[in-house]
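Working through the structure, step by step
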Amino acid sequence: MTPAAPGFELVQRESGAVLVLRGDWVVAAPPPSLEEVLLALRDAAPVHLALDCAALGQWDSVLLATLRGCRAWCGEAGAAFDPGNTPAPALRLLALSDAVVPHRRAAEPRAAALRRLLAGEPLRAAFAGFLSACAFVGELLIALSRLLTGRARMRMVDLLWFVQQAGPRALGIVTLISVLVGMILAYLGSVQLQQLGAQVYVADLVALGMVREMAPLMTAVIMAGRTGAAYAAQLGTMQTREEIDAIETLGISPMEFLVLPRMLALVLVMPMLCVYSDVLGMLGGAPVAMAMDVTWGQYLAGAQEAVTLTHIATGVAKSIAFGVLIGAAGCRAGLLCGRSSEAVGQATTTAVVRAIVWLVVADAAFNIVYQRLGI
Amino acid sequence: MDAPREHIRVSGLEMRYGSRVIQSGLDFAVMRGDIFVIMGGSGCGKSTLLKHMIGLYEPASGEVLYNGTSYQRCDGEARAAMRQRWGITYQSGGLFSAMTLAENVALPLTQYTSLDPRSVRELVAYKLALVGLAGFEEYYPSEISGGMQKRAGLARAIALDPEILFFDEPSAGLDPVSSRLLDELILQMREALGVTVVIVTHELASIFAIASNSVYLDAETRTMLDTGDPRELLLSSPHAAVRRFLGRGAAPGVSS
Ligand SMILES: Nc1ncnc2c1ncn2[C@@H]1O[C@H](COP(=O)(O)OP(=O)(O)O)[C@@H](O)[C@H]1O
Ligand SMILES: [Mg+2]
């Protein structure tokens, strides 16, 4: 059986306008578009519209959509609608879709974008964001104080789990990046120092560069992408699945239960990763220095002399602060996540971008303070 | 219609997760126009069976035939053509959360048909109205209740006027009234469009209200115990477990 080509015709009979439907009205072989039908109706502007389905073949929902469209048009134009000899099952299905009164969404006041701008809405939003960030810090401090007084509902296993995830599991990438950064520093420095015949000092340069600047910053950037993003995705997904609501209604603070172990894990792990990165960066610089005729002994002695405990402490202090920033950026983005999969993606992006911006700003601030203090 | 009466046949199906056998020796047929219920206790493998039937999982052995053609022996293209004739609703809705309800329902229409946008819009409005969600076109799934999400999932499943509708626990999370409305809707869809319906459910009210055929999966023996009209099974199944399961709803308090 070949499908009969669908079509329609609007004819005038003595009873009024009649919409004659012909052929198979199925989705697979699209019949004339609803737009065309409505256009014909608009042209004829009948006061009474009847349907004639005598020549109608097979049909599916697309017929029903057309009927609904015509009926709605008639309703708006004040014309009478007579389904005529429309197949009974189609009418039943049509009636089924009328069983529920259409829901009307409360119209949102659509203030013009400019008016909103003039009313200071972006400014207000930024201020609200700032307030909520302050609230986050406050809640975090409260959670921390409860932890210190032993009243926080944080599970030790969670903390250990996150330490394991953030620490040992990150060693591979931290190793790779640190060694390479050490080598890059050594190359950069040795080319310049060689011109002065001072390539012995390449050890000082690599050691100080790693310990004070590169190790804390690079580990932080790695952790922002690795762990901060993971925190945002975890909490964001929990938000979409109403897990965070459940935790709250169980009377448990998400701050203590979810945020605290994550933040603490980062704060514990970051300084260790930083020191690890210090050592590997210096090792990475060594082969480069040796290629410039610096002996291993000279390199080691130079590094030892250059780096004091104070230097190491400045780097470690930075990395602790960075840990707090990354954890806060990740957890806050996750907790504020909307309830869709897209929102989880946005939360993750926000977490990483914010963390990196904060890191660089904080690093600059640290350096200014260190410089003023003369350390 | 001269289409074969037997619509789906499950033949010698064995399902496993890894080496763990969930069910084996499944043999039953779903007739055209049946409302077929997969029933059984929690965790017996109902959802797993449904996922095997819709080709999400490969069976350990056995096959599922549609109109006499084995889904497992088809190539990718033939499988895709078969899938287009199915509508599937998932246990938790399965709506795309980044799209509005209208976009969700319109997706299969714009993917698989060449309908014009105006007709798509009207069709979407009709499908949403059919499941009682008229006027909710511009809502996102996260803005409506769980029961409404299920109905929206159903609207998407019926977007292409499928030949077979698969439901996993459609009434879980619905209030009794909406649940009855859904039963009513399923009956009407079958009558008007001749769809075959395969439903996983353990809601007895639903089973007796709509099922014309069923299969009972047993968790202990890991196989099907019986298949047939649940009303007849209740009276005359040789398996006590089946009668007990069905009897809980038909005569509360009487079952032993
Ligand atoms: N993805 C999976 N991997 C391993 N086992 C599973 C998986 N999904 C379900 N199972 C197990 O298979 C059995 C059947 O599950 P399911 O089909 O979901 O049961 P139900 O009948 O309640 O729908 C259960 O014991 C469950 O634990
Ligand atoms: Mg299930």
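Source: prediction; values computed, not measured. (Residues numbered from 1 in each chain as written. Chains lettered and ligands numbered in written order. Predicted model: local features only at pLDDT ≥ 70, side-chain atom pairs only at ≥ 80, totals over all residues. Heavy atoms only, no water.)

Observations concerning the overall build of chain B
A tally of regular secondary structure across chain B gives 9 helices and 10 strands. Rg of the C-alpha trace for chain B: 18 Å, near the compact-globule value of 18 Å for 256 residues, within the 12% margin. Considering only contacts in chain B between residues 6 or more positions apart, those separated by 24 or more positions represent 62%. Entry remark: accessible area of chain B is about 10800 Å², with carbon and sulfur atoms responsible for 51%. (Helix = DSSP H or I, 4+ residues; strand = E, 2+ residues; numbered from the N terminus. Rg over C-alpha atoms; globule rule 2.2 N^0.38 Å. Contact = heavy atoms within 4.5 Å. Areas by Shrake-Rupley, 256 points an atom, 1.4 Å probe, with all protein chains shown as cover.)

Quick look at the overall build of chain A
If you tally the helices and strands in chain A, you get 13 helices and 4 strands. With the C-alpha coordinates aligned to their principal axes, the bounding extent of chain A is approximately 110 × 55 × 45 Å. Split into buried and exposed, the 375 residues of chain A put 43% on the buried side. Of all intrachain contacts in chain A linking residues separated by at least 6 positions in sequence, the fraction that spans at least 24 positions is 80%. Total accessible area on chain A stands at roughly 19300 Å², and carbon and sulfur atoms take up 65% of it. Of the side chains in chain A, 26 bear a positive and 27 a negative charge, and the two mean positions are spaced by 8 Å. (Buried < 20%, exposed > 50% of the residue type's maximum accessible area, 1.4 Å probe, protein only. Lys, Arg positive; Asp, Glu negative; His and termini not counted. Charge placed at Lys NZ, Arg CZ, Asp CG, Glu CD.)

What about the pairing of strand β7 (residues 164–168) of chain B?
All names here are of chain B. Counting buried positions along β7 yields 5 of 5 residues, so the element is predominantly enclosed. Covered by surrounding structure in β7 are Ile164, Phe166 and Asp168 together with Leu165 and Phe167, the residues of both alternating faces. Two strands pair when backbone bridges link them, and strand β6 (residues 86–89) and β7 are joined in this way by 4 bridges, in the parallel orientation. For Ile88, the partnering residue across the bridge sits in β7 and is Phe166. Pairing geometry for β7 and strand β8 (residues 196–200), over 5 bridges, is parallel. Paired with Asp168 across the two strands is Val200, which belongs to β8. (Pairing = 2+ DSSP bridges.)

With respect to the site of ligand 1
All names here are of chain B. Near ligand 1 the following residues occur: Tyr17, Arg20, Ile22, Gly41, Ser42, Gly43, Cys44, Gly45, Lys46, Ser47 and Thr48. Within the contact set of ligand 1, an oxygen atom lies 2.8 Å away from a backbone nitrogen or oxygen of Lys46. Here an oxygen atom of ligand 1 and a side-chain polar atom of Ser47 are 2.7 Å apart. Looking at the shell around ligand 1 element by element, the count peaks at 3 residues for helix α1 (residues 46–53). Along the lines of polarity and charge, the residues of the shell around ligand 1 split into 3 nonpolar, 6 polar and 2 charged. (Near = heavy atom within 4 Å. Polar contact = N/O pair within 3.5 Å; in protein donor to acceptor, adjacent residues only side chain to side chain. Nonpolar A, V, L, I, M, F, W, Y, C, P; charged D, E, K, R; others polar.)

Things to note about a nonpolar patch on the surface
Residue and element names in this part refer to chain A. A contiguous nonpolar patch, built from Val275, Val279, Leu283, Met290, Trp296 and Leu300 and spanning about 500 Å² of accessible area, is present on the exposed surface. At the level of elements, α10 (254–291) and α11 (296–306) are the ones that each hand at least two residues to the nonpolar patch. As for its position among the elements, Leu283 is in helix α10. (Patch = residues over 30% accessible without salt bridge, like charges linked within 9 Å, V, L, I, M, F, W, Y side chains within 5 Å. Salt bridge = Lys/Arg side-chain N within 4 Å of Asp/Glu carboxyl O.)

Let's talk about the confidence of the model for chain B
All names here are of chain B. With 95% of its residues at a pLDDT of at least 70, chain B reaches an overall mean of 87. Contacts for the low-pLDDT stretch residues 250–256, under 50 throughout, to residues beyond four places or in other chains number 6 contacts. Confidence metrics for the complex model read pTM 0.74 and ipTM 0.77. (pLDDT = per-residue confidence, 0-100.)

Quick look at the interface of chain B and chain A
Across the boundary between the two partners, chain B contributes 31 residues, which contact 27 residues of chain A. The largest share of the area that chain B buries against chain A comes from Arg118, Glu122 and Tyr126 of chain B, three residues that together contribute 20% of it. At the boundary of chain B with chain A, the tally comes to 1 salt bridge. Between chain B and chain A we count 6 residue pairs in polar contact (both at pLDDT 80 or more) in total. Looking at the side of chain B that touches chain A, the elements that each hand over two or more residues are α4 (117–130) and α6 (176–193) of chain B. Per-element tally for the side of chain B that touches chain A: the top contributor is α4 of chain B, with 9 residues. Classifying every residue of the side of chain B that touches chain A by side-chain character gives 15 nonpolar, 8 polar and 8 charged. (Buried area = accessible area lost by both parts, 1.4 Å probe.)

Here's the deal with the side chain of Lys150 of chain B
All names here are of chain B. Examined against the element boundaries, Lys150 turns out to sit in helix α5 (residues 146–157). No salt bridge is formed by the buried Lys150, whose closest oppositely charged neighbour, Glu169, lies at an N-O distance of 6.5 Å. Here the side chain of Lys150 touches Glu169 through a polar contact of 2.5 Å, landing on its backbone oxygen. Leaving out residues up to four positions away in the same chain, Lys150 has contacts with Gln91, Asp168, Glu169, Pro170 and Ala172.

Some remarks on unusual backbone geometry
Within the chain, Ala45 of chain A stands out as a residue other than glycine whose phi angle is a positive 45°. Here Ala45 of chain A lies in the loop between α1 (34–44) and β3 (48–59). A positive phi angle, close to 50°, is found at Asn67 of chain B, a residue other than glycine. Within the fold, Asn67 of chain B resides in the loop between β4 (61–66) and β5 (69–70).

A look at the packing of aromatic side chains
Tallied over the full model, the rule gives 11 aromatic pairs over all chains. With 5.7 Å between their ring centres and 50° between their planes, Phe366 of chain A and Tyr370 of chain A make a pair best called tilted. One end of the pair, Phe366 of chain A, and the other, Tyr370 of chain A, are both in helix α13 (residues 341–373), 4 residues apart, so they sit about a helical turn from each other. Relative to Trp86 of chain B, the ring of Tyr71 of chain B has its centre 5.5 Å away and its plane inclined at 40°; by these criteria the two rings are tilted. Of this pair, Tyr71 of chain B sits in the loop between β5 and α2 (76–84) while Trp86 of chain B sits in strand β6, and the two are 15 residues apart along the sequence. Like Trp86 of chain B, Tyr71 of chain B is buried. (Phe/Tyr/Trp six-rings, centres within 6.5 Å; stacked < 30°, edge-to-face > 60°.)

Re the domain arrangement of chain A
One can read the domain layout of chain A as domain 1 (7–99) and domain 2 (132–373). Using only C-alpha atoms to locate each centre, domain 1 of chain A and domain 2 of chain A end up separated by 67 Å. (Domains from an automatic or database assignment.)

Structural notes on the confidence of the model for chain A
Confidence in the prediction of chain A, expressed as mean pLDDT, is 91, and 98% of residues score 70 or more. When pLDDT is averaged over each helix and strand of chain A, the minimum, 75, is found for helix α4 (residues 113–118) of chain A and the maximum, 96, for helix α12 (residues 309–335) of chain A.

Brief notes about the pattern of salt bridges
Taken as a whole and assessed by the stated rule, the structure comprises 21 salt bridges over all chains. Across the pair Arg68 of chain A and Glu122 of chain B runs a salt bridge, and its minimum N-O distance is 3.6 Å. Taken as a pair, Arg68 of chain A in helix α2 (residues 61–77) and Glu122 of chain B in helix α4 lie in two separate chains rather than in one. No difference in accessibility class separates Arg68 of chain A from Glu122 of chain B, as the two residues are buried.

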